[in-house]
Amino acid sequence: MKASPAIRELLDGGIPSPSAVDKFVSENRPFPLREGDRATFVFRGNADGVRWQHWIFGLASSQSFKRVQGTDLWHLTVDLRPASRIEYKLAIDYGENTILIRDPLNPLKARDPYGANSVCTTAGYERPEWTFPQADTREGRLERLELYSEALGEQRTLRIYLPARFRETRRYPLLVMHDGSDYLRYSVAKTVLDNLIHRLEIPPMIVAFSDPGDRLREYAADARHAQHIVEEVLPAVCEAYPIEERPASRCLMGASFGGVASLSTAWRYPGTFGNLFLQSGSFAFTDIGTHHRGAAFDPVVEFMNEFREAPGRPAENIFMSCGVYESLIYENRSLVPLLQKCGINVRFVEARDGHNWENWRDRFREGLSWLFPGPLWKVYE
Amino acid sequence: MPSVTLLGPQRLRPIVKRVLDDQELDGPLGVITGGWEEREDEVDDLRDHCQRETLNLGLYGRMEQVLAEDQALSQALTDRNDRLRVAQTFYRRRLGPLLDSVRRLHELKVSRMELLPAERAHAIKAVAELDAHYLNQIRGIHAAFRELWDPVERPAVAAAREELRQILADCAALLIAGGHVGVLLDQLTLFELPTLVDETPIVAWSAGAMVLTERIVLFHDSPPQGRGDPEVYDDGLALAPQVVALPHARSRLKLEDKVRVKILCERFQPASSVALDEGCGIHWDGQAWTAIGPTRRLTPQGKLAGMVAP
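A quick note: this is a predicted structure, and the numbers were derived from the prediction, not measured.

Caption draft 1: A look at the domain arrangement of chain B. All names here are of chain B. Along its sequence, chain B is organised into domain 1 (4–68 + 152–306) and domain 2 (75–149). Each of domain 1 and domain 2 has a C-alpha centre, and the two are 23 Å apart. Counting from both sides, the interface comprises 10 residues of domain 1 and, opposite them, 15 residues of domain 2. Only strand E8 (231–235) and helix H11 (258–268) provide two or more residues apiece to the side of domain 1 that touches domain 2. Considering only residue class, the side of domain 1 that touches domain 2 consists of three nonpolar, no polar and seven charged.

Caption draft 2: Looking closely at the sheet that holds strand E13 (residues 174–177) of chain A. All names here are of chain A. Read from one edge to the other, the open sheet built from eight strands follows the order E11-E12-E14-E13-E15-E16-E17-E18, with strand pairing classed as mixed. Strands with a single pairing partner mark the edges of an open sheet, and in this sheet they are strand E11 (141–149) and strand E18 (345–351). With direction set aside, neighbouring strand axes in the sheet form an average angle of 20 degrees. Bridge count between strand E16 (residues 275–279) and strand E17 (residues 317–323): five bridges; the pairing is parallel. Looking across to E17, one finds that glutamine 279 is bridged to serine 321. Strands in contact with helix H9 (residues 329–341) are E17 and E18; relative to E17, the strand with the most contacts, it is inclined by about 160 degrees.

Caption draft 3: Fine view of the nonpolar core. Counting 89 residues, the largest nonpolar core has B:Leu6, B:Leu175, B:Ile202, B:Val211, B:Leu212 and B:Leu276 as its most contacted members. Of all the elements, helix H7 (residues 181–190) of chain B adds the most residues to this core, at six residues. Counting contributing residues per domain, this core is built from domain 1 (4–68 + 152–306) and domain 2 (75–149) of chain B, each supplying no fewer than three. The contacts of B:Leu175, once residues within four sequence positions are left out, are B:Val16, B:Leu29, B:Gly30, B:Val31, B:Ile32 and B:Val203. Counting 61 residues, the second-largest nonpolar core is a separate cluster that includes A:Leu158, A:Leu184, A:Ala208 and A:Val260.

Caption draft 4: Spotlight on the interface of chain A and chain B. Contact with chain A, which involves 18 residues of that partner, is made by 20 residues of chain B. Elements represented by at least two residues in the side of chain A that touches chain B include exactly helix H11 (364–371) and strand E19 (379–380) of chain A. For the side of chain A that touches chain B, the element with the most residues is H11(A), which contributes four residues. Counted by class, the side of chain A that touches chain B contains seven nonpolar, two polar and nine charged residues.

Caption draft 5: Structural detail: the sheet that holds strand E2 (residues 29–32) of chain B. Residue and element names in this part refer to chain B. Pairing in this open sheet of seven strands is mixed, and the strands run E3-E2-E4-E6-E1-E11-E12 from one edge to the other. Here the strands that pair on one side only, and so sit at the sheet edges, are strand E3 (54–56) and strand E12 (289–292). The average angle at which neighbouring strand axes cross in this sheet is 20 degrees, direction not considered. One ladder, built from four bridges, connects strand E1 (residues 4–7) with strand E11 (residues 281–284); its direction is antiparallel. Looking at E11, one finds that leucine 6 is bridged to isoleucine 282.

Caption draft 6: Representation of the domain arrangement of chain A in the model. All names here are of chain A. Per the domain assignment, the segments of chain A are domain 1 (5–121) and domain 2 (129–371). Computed from C-alpha atoms alone, the centre-to-centre distance between domain 1 and domain 2 is 36 Å. Counting from both sides, the interface comprises 13 residues of domain 1 and, opposite them, 13 residues of domain 2. Within the residue set of the side of domain 1 that touches domain 2, elements represented by two or more residues are strand E7 (85–94) and strand E9 (109–112). Residue classes in the side of domain 1 that touches domain 2 are distributed as seven nonpolar, one polar and five charged.

Caption draft 7: Layout of the pairing of strand E6 (residues 73–79) of chain A. Residue and element names in this part refer to chain A. Among the seven residues of E6, five are classified as buried, and the element is accordingly described as predominantly covered. Across seven bridges, the pairing between strand E2 (residues 38–44) and E6 is antiparallel. Looking across to E6, one finds that threonine 40 is bridged to threonine 77. If you look at the hairpin formed by strand E5 (residues 66–67) and E6, you'll find five residues sitting between the two strands, and glycine 70 has a positive phi there, around 80 degrees.

Rules and cut-offs
Numbers given for residues are sequential positions, taken from 1 along each chain in its written order. Chains carry letters from A onward and ligands carry numbers from 1 onward, assigned in written order. Residues qualify for local features only when their pLDDT is at least 70, as the model is predicted, and side-chain atom pairs are given and counted only at 80 or more; totals for whole chains, interfaces and linings, by contrast, use all residues. Start and end points for every domain follow an automatic or database-based domain assignment. Contacts here follow a simple rule: the backbone-placed C-beta atoms of the two residues must lie within 7 Å. Strands are runs of DSSP state E lasting at least 2 residues, helices are runs of H or I lasting at least 4, and numbering of each runs from the N terminus. In the scheme used here, Gly and all other residues not listed as nonpolar or charged are polar, with Ala, Val, Leu, Ile, Met, Phe, Trp, Tyr, Cys and Pro taken as nonpolar and Asp, Glu, Lys and Arg as charged. For two strands to be treated as a pair, DSSP must find at least two bridges joining them. With axes taken as lines fitted to C-alpha atoms, and helix axes fitted only over the stretch in contact, angles between N-to-C directions fall between 0 and 180 degrees. Here, a nonpolar core denotes buried Ala, Val, Leu, Ile, Met, Phe, Trp, Tyr and Cys residues that are linked to one another through C-beta atoms within 7 Å. Backbone-placed C-beta atoms define the burial measure: a residue is buried with 20 or more other C-beta atoms within 10 Å of its own, exposed with 12 or fewer, and partly exposed in between.

Spelled out as structure tokens, the structure:
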């Protein structure tokens, strides 16, 4: 690893004075400092150790910063690939204690259900403009739909997205999203839907955002969950809203365990959903022996092993995406030829990103416009 | 031929009223919003903007009604559309490689650059010839359909045409809004609108502008799927001569990409490819085109220039 030229320059004259360190930091903010494919992370403070904690599969997950002797400045330079987006935290060691913090010198952060991470992006990555609210975009609206689930034995609330200019007299395609509230909150799903529909890249559609109760149980290929989606959610939504009746106009979507929930539901009820949108699916399996992903994965592995033996035809079209920095990239890649062999139309997209909601947000356009092509070639308003 | 004004999109900053005022068109307005499909009745904003009485021709609803009443015609249109789709599939298959070869010739760096212009010109001619061939094919499909079915003689169509004729007789001008260009074209051709318009001035925008030209070109340089090759859709009504209408050009075309702009322009010459963005337009008085607002056309040099008569 080559050192950062900026750090080298700072250290050229020996130990830098506190004012020189101040100047270096203020002149180079925000960090990480990007020089070509190199990113230099910096921390200031008295500590016994500073480490870069990330979730890039293939790299040591924790890399140590080096302290500039005689100062409170710590630094670490790493080579990163272009067009990458990486979430990380800093691990600060004080004696035997370690705290995980977001990078104080980096304002860029991403939220998820567990809090927030700092974000480092490299040249070539830009947050898509269709993920931001646009002034001239017509907005859809969200409603609540309550239903009691016999399959799960409890009350459930769906949030229903109705597109701008919704009309009762028209029929719409239906997208059912697992982890609906997280997609809305962390992947700005409503903003994205509003924009893609406004840009005519997807047709106006109704989206049912579904949330789990006990997520790791329900989404781990649980038959009751599949029953809930197909025998309860689908009829309730179709009764309350004008939905196109063909399977080709329906899509089931999910990320991580939500991907497993989508695939297993479609597998148990083939022909119900014509389309699947699977993001970073937790498709763990074993060819032989046991897996090492923890007990929560036991039913997933059992399902995936069974699925790989007899995949059938859970849907006609499947869009899959996965980050190359995820440990699940291998499982996702290996699923593609299996699905294709079954005659399923599969599109698989990889991104230089990790297992996170912004990666899944950034794939919306490509996935949805492939599964539901919009009328942009013929509509000029 | 009536006077024709082609405008860019009107949703956010409409200029229709200004155009009507400038042309001193003060009577009731016939309005076609059939490109909006099932929303064609939602004309309140347009009426408020124009500050004139509006008479909605209701072409979308009329066409739905005609097809419900005349099942045989409806089936014949479905069959015709199937044939058109197949012809379009053949066209697209051939169009991609031809456009690729034009682009590759623009990327080439060779020692004898003086030989390239002739190759590029020949390559673009091949694309234009394919466009012409495709149009010829679909003209044949349309002609066969008309010969067999003669839609304007069908009772349901004839009755609708008579009602339209009466509405238009009271109109000082006809407005044609944008929307779905294929749906709009189907309505206007089924009811043979040009034969009803006579000398009534027409103001049209977006897809409405496209259908009035001689040749309808679909375009989007950055679609989420596919290559973004502009393609000929069909003949237009030919009330706006010698122009290709490109509404929403700023958002749909890579106008900074000189090669794309140059190819698009040269492919459809001698017609002028006109960028119709917000606040822009062109007016045909029966003799010549004049520009409204900062309207620009695409040039063979790959740039944009102020609009002048084609």
